[in-house]
2 protein chains.
Amino acid sequence: MNVRETGIDEGISEVIVTTRSASGTFNAAPIGIITTTNEHFVKLYKSSRTFINVQETKKLAANVTSDVVLFVKAAFDDLGESHYSSLSGFPVLKEANSWIIFQAALAEKSTEYSLFQLTPLTIVINRKELKAINRGLNAVIEATILATRYLRVNDEREKEELKKQMERYAEIVEKCGGHREKEAMGILEKKFFK
Amino acid sequence: MNVRETGIDEGISEVIVTTRSASGTFNAAPIGIITTTNEHFVKLYKSSRTFINVQETKKLAANVTSDVVLFVKAAFDDLGESHYSSLSGFPVLKEANSWIIFQAALAEKSTEYSLFQLTPLTIVINRKELKAINRGLNAVIEATILATRYLRVNDEREKEELKKQMERYAEIVEKCGGHREKEAMGILEKKFFK
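Residues numbered from 1 in each chain as written. Chains lettered and ligands numbered in written order. Predicted model: local features only at pLDDT ≥ 70, side-chain atom pairs only at ≥ 80, totals over all residues. Heavy atoms only, no water.

**Comments concerning the overall build of chain A**
(1) Moving on: Summing up its helical and strand segments, chain A has five helices and eight strands in all.
(2) Moving on: Order of helices (α) and strands (β) in chain A, N terminus to C terminus: β-β-β-α-β-α-β-β-β-β-α-α-α.
(3) Moving on: Computed over its C-alpha atoms, the radius of gyration of chain A comes to 17 Å, within 12% of the 16 Å expected for a compact globule of 194 residues.
(4) Moving on: With the C-alpha coordinates of chain A rotated into their principal frame, the extents come out at 40 × 40 × 35 Å. (Helix = DSSP H or I, 4+ residues; strand = E, 2+ residues; numbered from the N terminus. Rg over C-alpha atoms; globule rule 2.2 N^0.38 Å.)

And the structure:
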């Protein structure tokens, strides 16, 4: 199976991981798939819904997309049911460019997270979409990571520093982003900084 | 003509712009193509080779690629002849995913730069390649911009600050990049910080 064709390549690929619980509830979260020369891994924090679901079903789907609104919504909201489609009974995101369903096997444990090795079971390419590099797109991704950290931090000075970094990314989005990047940044700003 | 299919979308698309001089010498430089709802523009600094060539031929080619090694080389080295191909007699980059040749018409002048409005003349899609978001890829782009600034700045404190920011991006590349991102960052580091 050619995972590379889906857009998941060497290094860490930022995708939206969809899972379901044993009882059938869907979840979506932005997560990095780690790819070495020939192997795929994912590091899941034990406090996350994704971790619990993967424990229960031993599966996850990687949804490859460059729609940053989906990333922000998956990070901080529940994605509505209308976003999901089903692939062999497993939840995937309708709007994704490609889907990979992985089998997940525990590879390494620590107190905070577990590392799972991933084996591709099913691959679907929905559309092959070219996208030139856009600095605004990645600025939203970096800002999303900062916002996640902002939620965990209690120290006021650190919070201020995160806010400042966030503002720098907001400027890049304003200058370089398209309307989806601006919409995504708008959601983040409304949530954290207004 | 459907420019969007080439990967150039609303906002600023970072591409490699190839041009030729009246006498036939090729040039490549990483440049942002500005796209509003229906129009395309480019801002060219008057000191740049691209500006001089566009003045002479009224044309430029946008090469859409996510190969960051090409970006770094086009920014700081001359790309070797082996990288070029010819499209209707105009230089383009062999490895690009898509090519757009634009007619460039002067739209606005200032002392430092000129803004050109771009009209697509020819569009070629070489391959439709999906690529998941990779934080390392954009870290190389941001580091390339910092390195360009580093060359222009004389103030030692500002230079130190740029170096520090660059190190942060180098860490992201080390953690998230694939081998092309690491190679590109290696070129930058060797050039500026060793």
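**Considerations on the pairing of strand 4 (residues 59-64) of chain A**
Residues and elements named next belong to chain A.
(1) Moving on: Of all the six residues making up strand 4, five are buried; the element is thus mostly covered by neighbouring parts of the structure.
(2) Moving on: Pairing analysis gives six bridges linking strand 4 to strand 7 (residues 98-109), with the strands arranged antiparallel. Within the sheet, the bridge partner assigned to A62 lies in strand 7 and is I100. (Buried < 20%, exposed > 50% of the residue type's maximum accessible area, 1.4 Å probe, protein only. Pairing = 2+ DSSP bridges.)

**Concerning the packing of aromatic side chains**
The relation between two aromatic rings is expressed through the spacing of the ring centres and the mutual angle of the planes.
(1) Moving on: Counted according to the given criterion, the structure contains six aromatic pairs over all chains.
(2) Moving on: Residues F51 of chain B and F116 of chain B carry aromatic rings whose centres are separated by 6.1 Å and whose planes lie at 55 degrees to one another, so their mutual orientation is tilted. On the criterion of sequence distance, the pair formed by F51 of chain B in helix 1 (residues 49-57) and F116 of chain B in strand 8 (residues 113-125) is long-range, its members being 65 residues apart. Of the two residues examined, F51 of chain B and F116 of chain B, each falls in the buried class.
(3) Moving on: Lying over the aromatic face of Y113 of chain A, K43 of chain A brings its terminal NZ or CZ to 4.5 Å of the ring centre.
(4) Moving on: Over the ring of Y150 of chain B we find K159 of chain B, and its NZ or CZ is 4.5 Å from the ring centre. (Phe/Tyr/Trp six-rings, centres within 6.5 Å; stacked < 30°, edge-to-face > 60°. Lys NZ or Arg CZ within 6 Å of the ring centre and 35° of its normal.)

**Some remarks on the environment of I133 of chain A**
(1) Moving on: With respect to the helices, strands and loops of the structure, I133 of chain A is situated in the loop between strand 8 (113-125) and helix 3 (135-152).
(2) Moving on: Apart from residues lying up to four places away in sequence, I133 of chain A is in contact with I12, S13, E14, T65, S66, F71, L137, N138 and I141 of chain B. (Contact = heavy atoms within 4.5 Å.)

**Some remarks on the domain arrangement of chain A**
Residue and element names in this part refer to chain A.
(1) Moving on: One can read the domain layout of chain A as domain 1 (3-125) and domain 2 (135-192).
(2) Moving on: Each of domain 1 and domain 2 was reduced to a C-alpha centroid, and the two centroids are 23 Å apart.
(3) Moving on: Around 1100 Å² of area is buried between domain 1 and domain 2 when both sides are counted, 78% of it from carbon and sulfur atoms.
(4) Moving on: Of all residues in domain 1, V68, V72 and F76 bury the most surface against domain 2, accounting for 54% of the area lost on that side. (Domains from an automatic or database assignment. Buried area = accessible area lost by both parts, 1.4 Å probe.)

**Quick word on the relation of the copies chain A and chain B**
(1) Moving on: The transform that puts chain A on chain B rotates by 180 degrees and translates by 0.0 Å along the axis, for an RMSD of 0.0 Å. Taken together, the rotation and translation relating the two chain copies correspond to the operation of a two-fold axis. Ranked by how close their C-alpha atoms come to the rotation axis, the residues of chain A are headed by K128 of chain A, at 2.8 Å. (Least-squares fit on C-alpha atoms with pLDDT ≥ 70 in both.)

**Section: the interface of chain A and chain B**
(1) Moving on: Opposite the 40 residues of chain A that make contact, chain B presents 40 residues.
(2) Moving on: Counting the surface lost from both chain A and chain B, the interface buries some 3100 Å², and carbon and sulfur atoms represent 54% of this.
(3) Moving on: Contact with chain B buries area across many residues of chain A, yet L130, I133 and R135 of chain A alone supply 28% of it, more than any other trio.
(4) Moving on: Where chain A meets chain B, there are two salt bridges.
(5) Moving on: Linking R135 of chain B and E142 of chain A is a salt bridge whose minimum nitrogen-to-oxygen distance equals 2.8 Å.
(6) Moving on: Taken together, chain A and chain B are joined by twelve residue pairs in polar contact (both at pLDDT 80 or more).
(7) Moving on: Of all the elements in the fold, those that place two or more residues in the side of chain A that touches chain B are strand 1 (11-20), helix 3 and helix 4 (156-176) of chain A.
(8) Moving on: The residue makeup of the side of chain A that touches chain B, split by class, is 14 nonpolar, 14 polar and twelve charged. (Salt bridge = Lys/Arg side-chain N within 4 Å of Asp/Glu carboxyl O. Polar contact = N/O pair within 3.5 Å; in protein donor to acceptor, adjacent residues only side chain to side chain. Nonpolar A, V, L, I, M, F, W, Y, C, P; charged D, E, K, R; others polar.)

**Comments concerning the pattern of salt bridges**
All names here are of chain B.
(1) Moving on: For the coordinates displayed, the defined rule picks out 14 salt bridges over all chains.
(2) Moving on: Measuring nitrogen to oxygen at the nearest pair gives 3.3 Å for the salt bridge that ties E5 to K128. Taken together, the residues E5 in the segment before strand 1 (11-20) and K128 in the loop between strand 8 and helix 3 (135-152) connect sequence positions 123 residues apart.
(3) Moving on: Accessibility expressed as a relative area gives 31% for K128, which makes it partly exposed.

**A closer look at the packing of helix 2 (residues 68-76) of chain A against helix 3 of chain A**
Think of two packed helices as two axes; the pair is described by the angle between the axes and how far apart they sit.
All names here are of chain A.
(1) Moving on: Their axes nearest at 10 Å, the elements helix 2 and helix 3 cross at an angle of 10 degrees. Classified by the angle their axes make, helix 2 and helix 3 are roughly parallel. Here V68, F71, V72, A75 and F76 of helix 2 lie close against helix 3, whose contacting residues are L137, V140, I141, T144, A147, T148 and L151.
(2) Moving on: Partitioning the contact of helix 2 with helix 3 into residue classes produces ten nonpolar, two polar and no charged. (Axes fitted to C-alpha atoms, helices over the stretch in contact; angles between N-to-C directions. Parallel < 35°, antiparallel > 145°, perpendicular 65-115°, else oblique.)

**Some points on the side chain of T50 of chain B**
(1) Moving on: Mapped onto the elements of the fold, T50 of chain B is located in helix 1.
(2) Moving on: Each residue touching T50 of chain B, except ones within four places of it in the same chain, is listed here: V17, T19, N27, A29, I31 and L44 of chain B.

**A few points about the sheet that holds strand 7 of chain A**
Residues and elements named next belong to chain A.
(1) Moving on: Spatial ordering of the closed barrel is given by 1-2-3-8-7-4, a layout of six strands whose pairing is antiparallel. The mean inter-strand angle of the sheet, taken between neighbouring strand axes irrespective of direction, is 45 degrees.
(2) Moving on: As paired strands, strand 7 and strand 8 are joined by eleven bridges and run antiparallel to one another. The residue bridging K109 from the neighbouring strand is S114, located in strand 8.

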